[in-house]
Amino acid sequence: MPGIDLHLHTTASDGAFSPADLVRMAFEAGLDCIAITDHDSTDGVTIAQVAGQGLGVRVIAGIEFNTMWHGQSVHILGYFVETEHPELQAVIARQRDGRLYRAQRMIEKLTALNLPLSYEEILKSADGGAVGRPHIAKAMIAQGYVSDSNEAFAKYLGHGMPAYVEQPKLTPTEAIALLHRAGAAAGLAHPYNVEGADQVDLDALLPELADAGLDAIETYYTDYSAAQQSAILHLAQRFDLIPTGGSDFHGGGILSQAELGTIRVPAESFQRLEGAAAQRALA
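Every value quoted in this text rests on a predicted model; they were computed, and no experiment measured them. Residue numbering note: each chain is counted from 1, following its sequence as written. Residues qualify for local features only when their pLDDT is at least 70, as the model is predicted, and side-chain atom pairs are given and counted only at 80 or more; totals for whole chains, interfaces and linings, by contrast, use all residues. Each side-chain value is worked out from all heavy atoms of the structure, with water and hydrogens disregarded.

Colleague: Outline the side chain of Asp14, supporting the account with residue identities and numerical values.
Modeller: Note on conventions: DSSP H or I runs of at least 4 residues are helices, E runs of at least 2 residues are strands, and numbering of each starts at the N terminus. Mapped onto the elements of the fold, Asp14 is located in the loop between β1 (4-8) and α1 (19-28). Each residue's exposure class comes from its accessible area (1.4 Å probe, protein chains only) as a fraction of the maximum for that residue type: buried when under 20%, exposed when over 50%, partly exposed otherwise. In summary, the charge assignment counts Lys and Arg as positive and Asp and Glu as negative, without counting His or the chain termini. Salt bridges are defined as contacts in which a side-chain nitrogen from Lys or Arg sits within 4 Å of a carboxyl oxygen from Asp or Glu. Arg99 provides the closest opposite charge to the buried, salt-bridge-free Asp14, at an N-O distance of 6.3 Å. One polar contact links Asp14 to Ser13, side chain to side chain, over a distance of 3.2 Å. Here His250 takes part through its side chain, which lies 3.4 Å from a polar atom of the side chain of Asp14. When sequence neighbours within four positions are dropped, the list of residues in contact with Asp14 reads His9, His39, Pro134, His135 and His250. Two N or O atoms form a polar contact when they lie within 3.5 Å of each other; inside protein one atom must be a possible hydrogen donor and the other a possible acceptor, and for residues adjacent in sequence the pair counts only when both atoms belong to side chains. By definition, residues are in contact when any of their heavy atoms lie within 4.5 Å.

Colleague: Residues and numbers for unusual backbone geometry, please.
Modeller: The phi torsion at Asp40 lies on the positive side, around 50 degrees, for a residue other than glycine. Checked against the element boundaries, Asp40 lands in the loop between β2 (33-36) and α2 (45-55). Unlike most non-glycine residues, His190 shows phi in positive territory, near 20 degrees. On the secondary structure map, His190 appears in the loop between β5 (185-188) and α8 (202-211). Residue His190 is classed as buried on the basis of its relative accessible area, which comes to 9%.

Colleague: Give me the packing of helix α4 (residues 119-126) against helix α5 (residues 133-142): which residues, what numbers.
Modeller: To obtain an axis, a line is fitted to C-alpha atoms, over the contacting stretch when the element is a helix, and the angle between two such axes runs from 0 to 180 degrees between their N-to-C directions. Taken N-terminus to C-terminus, the directions of α4 and α5 make an angle of 120 degrees; their axes are 9 Å apart at the nearest point. With respect to each other, α4 and α5 are oriented oblique. Both α4 and α5 take part in a crossing whose hand is right-handed. Residues Ile122, Ser125 and Ala126 of α4 form the contact with α5, whose participating residues are His135, Ile136, Lys138 and Ala139. Residues are grouped as follows: nonpolar covers Ala, Val, Leu, Ile, Met, Phe, Trp, Tyr, Cys and Pro; charged covers Asp, Glu, Lys and Arg; every other residue, Gly included, is treated as polar. For the contact of α4 with α5, the per-class residue count stands at four nonpolar, two polar and one charged. Throughout, the term roughly parallel applies to angles under 35 degrees, roughly antiparallel to angles over 145, roughly perpendicular to angles from 65 to 115, and oblique to all others. Left-handed describes a crossing whose near helix is turned anticlockwise from the far helix through less than a right angle; right-handed describes the clockwise counterpart.

Colleague: Which residues make up the packing of aromatic side chains, and what values do they have?
Modeller: To describe a pair of aromatic rings, you give the distance between the ring centres and the angle between the ring planes. In summary, the pairing rule links any two rings of Phe, Tyr or Trp, Trp by its six-membered ring, whose centres are within 6.5 Å, and it sorts them by plane angle into stacked for under 30 degrees, edge-to-face for over 60 and tilted for everything else. Counting across every chain of the model gives four aromatic pairs. With a centroid separation of 6.2 Å and an interplanar angle of 5 degrees, the aromatic rings of Phe17 and Phe249 are classed as stacked. One end of the pair, Phe17, is in the loop between β1 and α1; the other, Phe249, is in the loop between β7 (242-246) and α10 (267-282), with 232 residues separating them in the sequence. For Phe17, a relative accessible area of 28% puts it in the partly exposed group. For Phe249, a relative accessible area of 9% translates into the label buried.

Colleague: Could you give an account of the packing of α1 against α2, naming the residues involved and the relevant values?
Modeller: Contact geometry of α1 with α2 gives a least axis separation of 8 Å together with a crossing angle of 35 degrees. Seen along the crossing, α1 lies across α2 with a hand that is right-handed. For the pair α1 and α2, the contacting residues are Pro19, Ala20, Val23, Arg24 and Phe27 in the first and Ile47, Ala48, Ala51, Gly52 and Leu55 in the second. Taken together, the residues of the contact of α1 with α2 break down into eight nonpolar, one polar and one charged.

Colleague: Tell me about the environment of Asn66, and name the residues and values.
Modeller: As for its position among the elements, Asn66 is in strand β3 (residues 58-69). A sequence separation of 104 residues divides Asn66 from Leu170, and the C-alpha atoms of the two residues are 7.5 Å apart. Ignoring sequence-local partners within four residues, the contact set of Asn66 consists of His39, Asp40, Val74, His75, Gln95, Arg99, Lys169 and Leu170. Engagement of the side chain of Asn66 in a polar contact is seen with the side chain of His39, the distance being 2.9 Å.

Colleague: Requested: an account of the nonpolar core, with residues and values cited.
Modeller: What tends to happen in soluble globular proteins is that the nonpolar side chains get buried as a cluster. Nonpolar core, defined: a set of buried Ala, Val, Leu, Ile, Met, Phe, Trp, Tyr and Cys residues in which side-chain atoms within 4.5 Å join the residues together. Core analysis: the largest hydrophobic core is formed by 34 residues, its most contacted members being Phe65, Ile76, Leu179, Leu188, Leu205, Leu206 and Leu214. Among the secondary structure elements, those contributing two or more residues to this core are β3, β4 (72-79), α3 (86-112), α7 (172-181), β5, α8, β6 (216-221) and α9 (226-238). With residues near it in sequence (within four places) discarded, Leu188 still touches Val74, His75, Ile76, Leu202, Leu205, Leu206, Leu209, Leu214, Ala216, Ile217 and Glu218. Counting 21 residues, the second largest nonpolar core, distinct from the first, contains Met106, Leu110, Ala126 and Tyr156.

Colleague: I'd like a description of the pattern of salt bridges, backed by residues and values.
Modeller: In the structure shown here, the tally under the stated rule is 11 salt bridges. Between Glu151 and Lys155 there is a salt bridge whose closest N-O contact spans 2.9 Å. Linking Glu151 with Lys155, this pair stays in helix α6 (residues 149-157), spanning four residues, or about one helical turn. Of the charged contacts in the structure, one is a salt bridge between Arg238 and Asp203, with a shortest N-O distance of 3.4 Å. Remark: Asp203 occurs in helix α8 and Arg238 occurs in helix α9; sequence separation between them is 35 residues. Taken together, the shared-partner salt bridges in this structure form one network comprising Asp21, Arg24 and Glu28.

Nothing here speaks to function; it is geometry throughout.
And the structure:
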């Protein structure tokens, strides 16, 4: 099977490695084609593509939007995105502003819990990328408040925990429509929940997303069992979705079990996804 991984994160959002370093690591892991899918950011794409040209690794421009559906978190991936699309970048800017406000509110909550943090240090840690909970977790570790990111999320930063703050988000259908206008194919990320919250009702969600034009569903994913993968393949067939996938590699405390080279998307899925994006670009 070719080395294709369509779900990777860099320091442009909450990944641990720079775009250039991630491409080099992907090459060393035997990957031929990757997608950079940072949260609410396309900043890492061009750097990664330049690095990929030097190593013979094809880098697809992607993005991941954290959306909200009836109070539950649903992640939507965009593949083959027109990174300079004006509306897309305007939405990204609004999402980033929301992330900054959210970080400030979470720091206030942690301070009230006698766990003070420096907002300036957290911004510095993000290094210009989209600020997220992993950056707050990193600061908590540095202060000795928790031993690792898993503890930070389990005790303080996870959904429903004392320092959690909801971020203003798009709906899944809004994200799909936006991605289509930006010439991208849209996919549902990790349909089986990996954040510890209640599992989304896929029987209710997928008809709505299919009607909105969802193109793909993440089927090949870190730690999915054979039964889960089979169930998602069935859903892909039922709703005429492309079964895609990726490791969701961050290189840090987020999904720490994810490793480069362990998830490989079938070439047929990639070709169908590229074709779907081409159709969206022409629409």
